[in-house]
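Per-entry structural report
Listed here are the chains, written in short residue letters.
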Amino acid sequence: MSAKEKSGHAIVLGASIGGLLAARVLSESYAKITVFDRDELPTANIDRRGVPQGEHSHGLLARGRQVLEELFPGFAADLAATGAVPLDIQGDVVWINDGHRLVRTPTGLQGLAVSRPALESYVRTRVLELPNVELRARHEALGLLATEDRGRITGVRVLPVGGDEEQRHEAELVVDATGRGNRGPTWLAELGYDKPVEDLVDPKTTYVSRNYRRTPGQADFTAFLCSPSPQQPVGGVAIAAEGDRWMVTMIAAGGAPAPISDPETYHEYAKQFAGQEMYELLSKAEPLGPPHRMRLPVSVRRRYEHMKRLPIGFLAVADAVCSFNPAYGQGMTVAAVEAAVLRDELAKGRENLQRRFFKAAAKVIDVPWDIAVGADLRYDAVPGKRTGKVKFLNGYVAKLHVAAARHPQVGHAFLSVANLMAAPQRLFAPAVLRRVLNPGTPTPQPTPTSSPTPATA
Ligand SMILES: Cc1cc2nc3c(=O)[nH]c(=O)nc-3n(C[C@H](O)[C@H](O)[C@H](O)COP(=O)(O)OP(=O)(O)OC[C@H]3O[C@@H](n4cnc5c(N)ncnc54)[C@H](O)[C@@H]3O)c2cc1C
């Protein structure tokens, strides 16, 4: 669409990953986009109040990196130039799932190790370079404006932080990107709509995270991930990041006692892991600041796609629609794929956009939600319905982890699906299924011609 054909005003509520990506795709077809956020938005890569998860390890999956590269050409190279670490998700990462070590070999699944504030700051800078996008920080969204018959959203009510005079801003489209604590359903209810049905699962999981200094030659991996399992409900993650850091998170899942928050003994938690690399790394590395603890909130999936009545001109994206246990690091990637979906649906026109978008977004969410919630429901302490599908998939994935420790093809299939690069059917492709049902002897590995990407600063 040429600049001339752009028309109308769109408002995005929330200037975090979901809101910024929505603004980026809306900028292709709306003449003006205004993004409101209640936070003071920092100019540097620092944590902020509205995104408390920013203190915890974040990684960007392969599909997320691909979409961000499409939306912001030069994305990965620009961030790498500031210290972020591009990584081959199977070759540069130590994966231990259910106590089984996935065969490590380069496969071309490319992710990015970068802190959450740095990623957001980069995306914000690129979005604000767009001539038709304006950002209004320190403005809290209070509710929606609608036509008299309530059939169409016509704008928003916002309050400047510290002010006492509510403002009204008109727009043809309002996108709620205010994250997992959003009030979108309440705003709709105020206009006489039902609230979307919510699927809820409490993962009963606690994260305790801390940064450590990263120095050359410390480790031969860019990331280490030991996932918790019902047999051993403790795990941990260490991911290289810009600023010569390791972002480290200790995890207690399924109601297990929270990890150690004591700065002196924090690293000892990693002694329990099935692989000792993280413990060895942390016992010698220099901590940068104290550990930060977070009890993960309840995972919520809002079923907008099932609503009988929806007003024209209202969308919700990213965590405002679905937020789940970040064990597989899928949240930002889902936000990116939803932005791509929004772009595709807008390319078909604006008629019935809300129905088309929520339906297509639900398809994007299905797989990561099933993966994350299925893994949570393995723990007896996590309430929720164990359907036949959940039990079957959990049984199959447990066997798959055994096979992935012997055959790189099986690990590749698992990571392709978890990275949203392949449909879940890939896990049942004949070559994978055969090895899952009969792991047999390990597939011979070619002798490496070079050492894996070193995680050096
Ligand atoms: C501990 C933890 C670790 C995670 N690790 C990963 C990972 O490794 N990889 C990954 O991809 N994802 C990860 N995630 C998920 C990821 O952080 C989220 O999916 C992502 O941040 C969602 O972005 P969002 O824009 O929807 O919401 P948020 O990032 O939550 O942002 C919401 C924004 O809305 C603003 N806001 C809220 N209310 C209002 C209001 N009324 N008016 C105006 N503004 C408002 C806030 O200030 C904020 O800017 C993790 C999450 C957690 C909790």
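Here, residues in each chain are numbered from 1, in the same order as that chain's written sequence. A pLDDT threshold of at least 70 governs which residues receive local features in this predicted model, and a stricter bar of 80 or more applies before side-chain atom pairs are shown or counted, although totals over entire chains, interfaces and linings include all residues. The basis for every side-chain value is the complete set of heavy atoms in the structure, and neither hydrogens nor water enter the calculation.

**Overview of the pattern of salt bridges**
Side chains bearing opposite charge may pair, as long as their charged atoms lie close to each other. What counts is decided by this rule: Any carboxyl oxygen of Asp or Glu that lies within 4 Å of a side-chain nitrogen of Lys or Arg is treated as forming a salt bridge with it. Here a strand is any run of E in DSSP of at least two residues, a helix any run of H or I of at least four, and the numbering for each starts at the N terminus. Exposure is judged per residue with a 1.4 Å probe applied to protein chains only, and the accessible area is read against the type maximum: over 50% gives exposed, under 20% gives buried, and values in between give partly exposed.
Applying the stated rule across the entire model yields 27 salt bridges. Put simply, E28 and R343 hold a salt bridge, and the shortest N to O gap is 2.7 Å. Of the two residues, E28 is situated in the loop between α1 (17-26) and β2 (32-36) and R343 in helix α7 (residues 331-347); the sequence distance between them amounts to 315 residues. Owing to a relative accessible area of 24%, R343 belongs among the partly exposed residues under this scheme. Linked through salt bridges whose partners overlap, the residues forming this network are D199, R301, R303, E305 and D366.

**Some remarks on the site of the ligand**
In plain terms, the rule: One heavy atom within 4 Å of a molecule or strand makes the whole residue count as near it. We define a polar contact as two N or O atoms separated by no more than 3.5 Å, with the added condition that, inside protein, one atom must be a possible hydrogen donor and the other a possible acceptor, whereas residues neighbouring each other in sequence contribute only through side-chain atom pairs. Accessible areas in this description were obtained via Shrake-Rupley with a 1.4 Å probe; residue shielding takes into account the shown protein chains only. Polar here means any residue outside two lists: the nonpolar Ala, Val, Leu, Ile, Met, Phe, Trp, Tyr, Cys and Pro, and the charged Asp, Glu, Lys and Arg; Gly therefore counts as polar.
Contacts to the ligand come from 32 residues, most closely from S16, G18, D37, R116 and M332. In this structure, D319 approaches the ligand through a side-chain N or O atom, which is 2.8 Å from an oxygen atom. Calculation on the ligand without its partners gives an accessible area of 1000 Å², and the protein chains cover 95% of this total. Contributing elements (two or more residues each) for the shell around the ligand: α1, β9 (139-146) and α7. Of the residues belonging to the shell around the ligand, the class tally is nine nonpolar, 16 polar and seven charged.

**Section: the packing of aromatic side chains**
Within a pair of aromatic rings, the relevant descriptors are the distance that separates the centres and the angle that separates the planes. Selection criterion: Only centres within 6.5 Å qualify two rings of Phe, Tyr or Trp (six-membered ring in Trp) as a pair; their planes then separate them into stacked at under 30 degrees, edge-to-face at over 60, and tilted for everything else.
This structure, assessed with the given rule, holds 13 aromatic pairs. Between F221 and F224, the aromatic rings sit 6.1 Å apart at their centres with planes inclined by 50°, giving tilted as the arrangement.

**Details of helix α6 (residues 277-284)**
Defined as follows: The arc under discussion is defined with respect to the helix axis, by the directions toward the C-beta atoms. Working rule for contacts: check all heavy atoms of both residues, and any pair within 4.5 Å makes them a contact.
Within α6 the residues assigned to the buried category are M278, Y279, L281 and L282. Around the axis of α6, the buried residues are gathered within 165° of arc, so they sit on the same side. Residues of α6 that are buried sit in contact with β14 (206-213), β15 (223-226), β16 (234-241) and β17 (245-252).

**Some words on the packing of α7 against helix α8 (residues 353-376)**
In a pair of packed helices, the angle between the axes and the distance between the axes together describe the arrangement. Where we set the bar: As a rule, the C-alpha atoms of each element are fitted with a line to give its axis, helices using only the stretch in contact, and angles between N-to-C directions run from 0 to 180 degrees. These descriptions rest on fixed angle ranges, namely under 35 degrees for roughly parallel, over 145 for roughly antiparallel, 65 to 115 for roughly perpendicular, and the rest for oblique. By definition, turning the near helix anticlockwise from the far helix through less than a right angle yields a left-handed crossing, and turning it clockwise yields a right-handed one.
α8 packs onto α7 with a crossing angle of 150° between their chain directions and a minimal axis gap of 9 Å. Compared by their axis directions, α7 and α8 come out roughly antiparallel. As for how α7 packs across α8, the hand of that crossing is right-handed. For the pair α7 and α8, contact is made by V334, V337, E338, V341, L342, E345 and L346 and by L353, R356, F357, A360, A361, V364, I365 and P368, respectively. Looking at the contact of α7 with α8 residue by residue, the classes come out as twelve nonpolar, no polar and three charged.

**Considerations on the sheet that holds strand β11 (residues 167-170)**
For clarity, the cut-off: Two strands qualify as a pair provided DSSP detects at least 2 bridges between them.
Pairing within the open sheet is antiparallel, and its three strands lie in the order β9-β10-β11. The sheet terminates laterally at β9 and β11, the two strands that pair on one side only. When the angles between neighbouring strand axes are averaged without regard to direction, this sheet yields 30°. Relative to β11, strand β10 (residues 153-160) runs antiparallel, the two being bridged by four bridges. Its bridge partner lying in β11, V158 is registered against Q167.

**Let's talk about the sheet that holds β15**
Pairing is mixed across the open sheet formed by seven strands, whose spatial order is β6-β5-β15-β16-β17-β14-β18. A strand with exactly one partner marks an edge of an open sheet, and here the two such strands are β6 (100-101) and β18 (287-295). Both β16 and β17 contribute to a ladder of eight bridges, which runs antiparallel. Paired with G235 across the bridge in β17 is I251. Sheet strands in contact with α6 are β5 (93-97), β6, β14, β15, β16 and β17, and its direction is about 125° off that of β17.

**Quick word on the packing of helix α2 (residues 62-71) against α7**
Where α2 meets α7, the axes come as close as 8 Å, and the angle between the chain directions of the two elements is 45°. With respect to their mutual orientation, α2 and α7 come out oblique. The handedness of the crossing between α2 and α7 comes out as left-handed. The residues of α7 that touch α2, namely those facing R63, G64, V67, E70 and L71, are T333, A336, V337, A339, A340 and R343. Its residues assigned to classes, the contact of α2 with α7 comprises six nonpolar, two polar and three charged.

**Details of the pairing of strand β1 (residues 9-13)**
Counted only if it meets this: A crossover counts as right-handed when, viewed with the strands pointing away from the observer, the path leading from the first strand over the helix to the second turns clockwise.
Most of β1 sits out of view: five of its five residues are buried. What you see with β1 is no split at all: H9, I11 and L13 on one side and A10 and V12 on the other are buried throughout. Alignment of β1 against β2, held across five bridges, turns out to be parallel. Residue pairing for β2: L13 is matched across the bridge by F36. As a crossover connection, the stretch from β1 through α1 into β2 is right-handed. Strand direction decides the pairing type here: β1 and strand β12 (residues 173-176), joined by four bridges, are parallel. Within β12, the position partnered with I11 by the bridge is V174.

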